[in-house]
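Letter by letter, the chains look like this.
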Number of protein chains: 2
Amino acid sequence: MVFLNGEFVEQKHAKISTLDRGFLFGDGVYEVIPVYHGTIFALENHLQRLADNLGHTHIPNPYTHTEYTAIFNTLLEQHSANEHQVIYLQITRGVGEKRQHSFQNLTPTVYIRTDTLHIKNEDTLKQGYQATLQKDIRWHHCNIKSTSLLASVLYTRTAQEMGVEEVILHRNNIITEGGSSNVFIVSNGVVTTPPKSNDILAGITRDMVLKSCEIAGIVHKEENITTQELWNADEVWISSSTREIMPLACIDTTSFDVATPLWQQVYNTFQTLKNV
Amino acid sequence: MVFLNGEFVEQKHAKISTLDRGFLFGDGVYEVIPVYHGTIFALENHLQRLADNLGHTHIPNPYTHTEYTAIFNTLLEQHSANEHQVIYLQITRGVGEKRQHSFQNLTPTVYIRTDTLHIKNEDTLKQGYQATLQKDIRWHHCNIKSTSLLASVLYTRTAQEMGVEEVILHRNNIITEGGSSNVFIVSNGVVTTPPKSNDILAGITRDMVLKSCEIAGIVHKEENITTQELWNADEVWISSSTREIMPLACIDTTSFDVATPLWQQVYNTFQTLKNV
């Protein structure tokens, strides 16, 4: 069962018009919200980011905090609280009368579904993952979590073809983020991640990693990272709702330390925060 | 009546799954093909560009040239040959089992519709239009005619808010194109348009304008245009299937000549080519 425009329907009956601007123009925004043991993680932050993105794209916010929560809870009741879930929520500008760029006063389309969340466990994470460095060809508003995601889809394909977990992106030799993650480097015990800007998504997990460093008393900075600094780093991590804090064993042919005591400390603190 | 995945159905029954990657990821490409007095314009060029874009995005091309033509003709039979039409064709990567960036071996979704084409007539065009210069924030594969179009939608809104026809875009003070058009300047009798690159869409109308210059014996170049050259130009035109060759009377507060003998010569030649 999924939620579509005010109704709970079976996924196979969840259909939208071909004139939906989400289909024609990628004209929408989305959120991915983890649910750990039945508890929605950082709900306030996700709904605030959603509201911000709707504002950036001039789409009215169709529901209140209370209404979103009620919908989420109804969907989550389908699952056992023993397994982790993830809420996917997408809002598009709505259905126009014909296919034209311009629009006015449409009713947004709201689609929400829940799925089992497969989190990589600690032992798996500790083995480290592979990545590749690629040029960031995306648009210059990556701070907006929009459904115009063709660039990200093509990066996923590149990663698959190369047999790696993720692409790490740079613009003019300044690291931005991963294809669907934020990036951290560790050099001489200092954790650094690129500052928030129009070029990166302000990941909720990114914020939690910084908070975990804070709590664990580890020096951390939000500063530009050059590709040279990346290559010289002791450790590189990527973060996202599903990857949590994932250490990279190598980017292309350059190796990094994984499962270090520093990573372990941040990872443990993060796990504690998750369960608060 | 529209075409959706092998069937001709009423638009109100044309519905796709919310798991269509066109809806979730803007993961598709499209074409807009004018039909003048019942004759499809530059069909070969449009189908070739479609094939190229499907190749760039690694989506299999579901139909042959003959099959596309048969579908177009069935849809066009609904209309009187006295009015101009436009074919809108969209192909997405298809419907996945769940919402995930990765994909394999999906059946593409094909949606095709026809609408009346409202071309601006010569007298209206001659009055000239207004535009605004804006920074180009789009991705770095604008050569791909993809449905991940949120940036273009936001530019349309900017133009509407400012009460102008189009945005003219620049990257680092080099003109790329309009929000949904190509750009030409005329200086001392020479027509210049930016060269084909990953930053612009290779418009079919753009090619026809260059061909019209060729036939009319007007000097024309495909060269970078700086914002300074734009401001100093005698004339600025934008081209697209629906705008044909549209002279701009002003960009922000800078005025340009409109309906000049040179524009008239290219416009007349273009009209002749259209009817070949």
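Residues numbered from 1 in each chain as written. Chains lettered and ligands numbered in written order. Predicted model: local features only at pLDDT ≥ 70, side-chain atom pairs only at ≥ 80, totals over all residues. Heavy atoms only, no water.

Okay, the overall build of chain A next. Looking only at helices and strands, chain A features 8 helices and 16 strands. Scaling as 2.2 N^0.38, a compact globule of 276 residues should have a C-alpha radius of gyration of about 19 Å, and chain A matches this with 19 Å. In terms of principal-axis extent, the alpha carbons of chain A reach across some 55 × 40 × 30 Å. The buried share of chain A, reckoned over its 276 residues, is 58%. Sequence separation of 24 or more characterises 70% of the internal contacts of chain A that already satisfy a separation of 6 or more. Summed over its atoms, the accessible surface of chain A is roughly 11200 Å², and 47% of this surface lies on carbon and sulfur atoms. Across chain A, the 21 positively charged side chains and the 30 negatively charged ones have centroids separated by 6 Å. (Helix = DSSP H or I, 4+ residues; strand = E, 2+ residues; numbered from the N terminus. Rg over C-alpha atoms; globule rule 2.2 N^0.38 Å. Buried < 20%, exposed > 50% of the residue type's maximum accessible area, 1.4 Å probe, protein only. Contact = heavy atoms within 4.5 Å. Areas by Shrake-Rupley, 256 points an atom, 1.4 Å probe, with all protein chains shown as cover. Lys, Arg positive; Asp, Glu negative; His and termini not counted. Charge placed at Lys NZ, Arg CZ, Asp CG, Glu CD.)

When chain A is fitted to chain B, the best match, at an RMSD of 0.0 Å, comes from turning it 180° and sliding it 0.0 Å along the axis. Expressed as an axis order, the relation between the two copies is that of a two-fold axis. With an isologous cut-off of 70% or more, the 100% of interface residues of chain A that recur at the interface of chain B puts this contact in the isologous class. (Least-squares fit on C-alpha atoms with pLDDT ≥ 70 in both.)

Between its first and last C-alpha, helix H5 (residues 150-162) of chain A extends 18 Å over 13 residues, near the 18 Å set by a 1.5 Å rise per residue. The set of residues buried in H5(A) consists of A:Leu150, A:Ala151, A:Ser152, A:Val153, A:Leu154, A:Tyr155, A:Thr156 and A:Ala159. Its buried side turned inward, H5(A) meets strand E8 (129-135) and strand E9 (166-171) of chain A together with helix H1 (21-25), strand E4 (28-36) and helix H2 (43-57) of chain B. Phi turns positive, to about 70°, at A:Gly163, one or two residues after H5(A). (Expected span 1.5 Å × (residues − 1).)

Here we take up the sheet that holds strand E7 (residues 109-116) of chain B. In any sheet, the strands associate via hydrogen bonds between backbone groups, in a parallel or an antiparallel arrangement. Residue and element names in this part refer to chain B. Across the sheet, 6 strands lie side by side as E2-E1-E7-E6-E4-E5; this open sheet has antiparallel pairing. Two strands bound the open sheet, and with one partner strand each, they are strand E2 (7-9) and strand E5 (39-40). Note: strand E1 (residues 2-4) against E2, 3 bridges, orientation antiparallel. Across the sheet, residue Leu4 finds its bridge partner in E2, namely Glu7. (Pairing = 2+ DSSP bridges.)

It is common to give the size of an interface as the accessible area that goes away when the parts come together. Counting from both sides, the interface comprises 53 residues of chain A and, opposite them, 53 residues of chain B. Interface area for chain A against chain B, summed over the two sides, is near 4500 Å², with a carbon-plus-sulfur share of 66%. Viewed at the interface, chain B and chain A are joined by 0 salt bridges. Linking chain A with chain B are 24 residue pairs in polar contact (both at pLDDT 80 or more). Listing elements by their share of the side of chain A that touches chain B, those giving two or more residues are strand E3 (15-17), helix H1 (21-25), strand E4 (28-36), helix H2 (43-57), strand E6 (85-92), strand E7 (109-116) and H5 of chain A. Of the residues forming the side of chain A that touches chain B, the biggest block, 8 residues, is contributed by H5(A). (Buried area = accessible area lost by both parts, 1.4 Å probe. Salt bridge = Lys/Arg side-chain N within 4 Å of Asp/Glu carboxyl O. Polar contact = N/O pair within 3.5 Å; in protein donor to acceptor, adjacent residues only side chain to side chain.)

As a further point, take the layout of surface pockets. A volume near 320 Å³ is recorded for the second largest pocket. Counting residues per element, the ones that place at least two in the lining of the second largest pocket are E9 of chain A together with strand E9 (166-171) of chain B. (1 Å grid on protein atoms, 1.4 Å probe; cavity = no way out; pocket = protein on both sides within 12 Å on 5 of 7 lines; lining within 4 Å. Points joined across faces, edges and corners; volume = space filled by probe spheres on them.)

Residues and elements named next belong to chain B. Put simply, H2 and helix H3 (residues 65-76) touch, their axes get as near as 11 Å, and they point 120° apart. The hand of the H2/H3 crossing is right-handed. On H3, the residues that touch Leu43, Glu44, Leu47 and Leu50 of H2 are His65, Tyr68, Thr69 and Phe72. A breakdown of the residues in the contact of H2 with H3 according to their chemical character gives 5 nonpolar, 2 polar and 1 charged. (Axes fitted to C-alpha atoms, helices over the stretch in contact; angles between N-to-C directions. Left-handed = near helix turned anticlockwise from the far one by under 90°. Nonpolar A, V, L, I, M, F, W, Y, C, P; charged D, E, K, R; others polar.)

On to the side chain of B:Arg157, then. On the secondary structure map, B:Arg157 appears in helix H5 (residues 150-162). Discounting residues that sit within four places of it in the chain, B:Arg157 has contacts with A:His58 and A:Phe103.

Residues and elements named next belong to chain B. What the rule picks out here adds up to 20 aromatic pairs over all chains. A centroid spacing of 5.9 Å and a plane angle of 35° characterise the contact between Tyr30 and Tyr88, whose relative ring orientation is tilted. Of the two residues, Tyr30 is situated in strand E4 and Tyr88 in strand E6 (residues 85-92); the sequence distance between them amounts to 58 residues. Each member of the pair, Tyr30 as well as Tyr88, carries the same accessibility label: buried. (Phe/Tyr/Trp six-rings, centres within 6.5 Å; stacked < 30°, edge-to-face > 60°.)

Take the packing of helix H6 (residues 204-216) of chain B against helix H8 (residues 261-274) of chain B next. Residues and elements named next belong to chain B. Where H6 meets H8, the axes come as close as 8 Å, and the angle between the chain directions of the two elements is 110°. When the axis of H6 is compared with that of H8, the two are roughly perpendicular. Crossing of H6 against H8: the hand is right-handed. Only Gln265, Val266, Thr269, Phe270 and Leu273 of H8 make contact with H6, whose side of the interface consists of Thr205, Met208, Val209, Lys211, Ser212, Cys213, Ile215 and Ala216. (Parallel < 35°, antiparallel > 145°, perpendicular 65-115°, else oblique.)

Turning our attention to the sheet that holds E7(A). All names here are of chain A. On the basis of which strands lie adjacent, the open sheet formed by 6 strands has the order E2-E1-E7-E6-E4-E5 and antiparallel pairing. Every interior strand has two partners, whereas the edge strands, strand E2 (7-9) and strand E5 (39-40), have only one. Here 8 bridges tie E4 to E6, and the two strands are oriented antiparallel to one another. Bridged to Pro34 within E6 is Val86. Along the sheet, H2 makes contact with E4, E5 and E6, crossing E4 at roughly 175°.

All names here are of chain B. Tracing the backbone through its elements, the reader meets Ile33 in strand E4. Separated by 181 residues in sequence, Ile33 and Glu214 have C-alpha atoms that sit 23 Å apart. Among residues more than four places away in sequence, those in contact with Ile33 are Ile40, Phe41, His46, Phe72, Gln85, Val86 and Ile87.

Inspection of the secondary structure assignment puts A:Asn143 in the loop between E8 and H5. When neighbours within four sequence positions are excluded, A:Asn143 is seen to be in contact with A:Asn53, A:His56, A:Ser197, A:Asn198, A:Ile200 and A:Leu201.

Here the structure, examined in full by the defined rule, presents 34 salt bridges over all chains. A salt bridge links A:Asp136 to A:Arg138, with the shortest nitrogen-to-oxygen separation between them at 2.9 Å. You can call A:Asp136 buried: its relative accessible area is 3%. A salt bridge links B:Arg171 to B:Asp199; the shortest N-O distance between them is 3.3 Å.

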